[in-house]
Amino acid sequence: MLRLIAAIASLLAVLLIQIRGSEILNDAHIYRSFASNEIVPDVVDEAPDCWLRVAYKSGREAEGGNRLTPTQTRTVPSLSFNTNERSFYTLLMIDPDTPSRDDPRDREFVHWVVGNIQGNDLDRAETLVEYVGAVPPKGSGMHRFVFLLYEHENRLNFTTEVRLSNRCRNPRRYFSTRNFAQKYGLTNLWAGNFFQAQYDDYVAQLQGQLSECTSADLNGPRNGTVFGG
């Protein structure tokens, strides 16, 4: 009898987690989530239309502001979203809370930019900024890590944009989502998501990986209105 009760309790716990996850990623709740966590207006003026699914190899997912650790987000996540066959998509991942949410003087730190995505195939898209996981400084508190996916009808020309490897720190600081969107005419914020994280021991390892890169390393001129320095 005790085993039966334990099995039922375990099943109920799983069902509750699934229900909670479906409620969190209910598209009807996305504006409230972006607004209550002040991503609107800190990063964008309006919330996206639907959730972007962001899943890490650690088994964790972004769920509209849930807490993850830098260790859990160290690898490039898999993304899934509803697509229009004839459309292209451009992805941004940024941290608006650098060096901290109370003092965001370096806003924004760009973690990942992928342009001209078709379907859900990031491998065949253009990576402008290689993925760097959450890297909140020690003692800086909780940071928001925001994924934004823009839909556009035509392929965009990114030939004049810098290319940042996952070992380049600069010019990831002072990135501007709004200026980037304005520069490329990105007006349809199709999907988005975010999680929160604070320092853990993996951050020191990641910080050691990043260095100041030269103009030659950046594969192009720095655009001060988009990439700050």
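Please refer to the structure higher up on the page.
We now turn to the structure provided with this report.

Thresholds, definitions, all that
Residues numbered from 1 in each chain as written. Predicted model: local features only at pLDDT ≥ 70, side-chain atom pairs only at ≥ 80, totals over all residues. Heavy atoms only, no water. Salt bridge = Lys/Arg side-chain N within 4 Å of Asp/Glu carboxyl O. Helix = DSSP H or I, 4+ residues; strand = E, 2+ residues; numbered from the N terminus. Buried < 20%, exposed > 50% of the residue type's maximum accessible area, 1.4 Å probe, protein only. Lys, Arg positive; Asp, Glu negative; His and termini not counted. Disulfide = S-S within 2.5 Å.

Some points on the pattern of salt bridges
Here comes step 1: Counted by the stated rule, this structure contains ten salt bridges.
Here comes step 2: Notably, a salt bridge pairs Asp42 with Arg144, separated by 3.0 Å at the nearest N-O pair. Placement of the pair is Asp42 in helix α3 (residues 39-42) and Arg144 in strand β8 (residues 143-152), with a sequence separation of 102 residues.
Here comes step 3: When its relative accessible area of 0% is taken as the criterion, Arg144 is described as buried.
Here comes step 4: Three or more residues are tied together by salt bridges with common partners; here these are Asp42, Asp97, Arg107 and Arg144.

Some points on the side chain of Arg172
Here comes step 1: Looking at the element boundaries, Arg172 is found in the loop between β8 and α4 (177-183).
Here comes step 2: For the buried Arg172, no salt bridge is present, and the opposite-charge side chain at shortest range is Glu130, 6.2 Å distant.

A few points about the state of the cysteines
Here comes step 1: By the definition in use, this model includes one disulfide.
Here comes step 2: The disulfide partner of Cys168 is Cys213, and the S-S distance across this bridge is 2.0 Å. Taking the sign of the S-S torsion, -110 degrees for the link of Cys168 and Cys213, the bridge is left-handed. Of this pair, Cys168 sits in the loop between β8 and α4 while Cys213 sits in the segment after α5 (202-209), placing them 45 residues apart in sequence.

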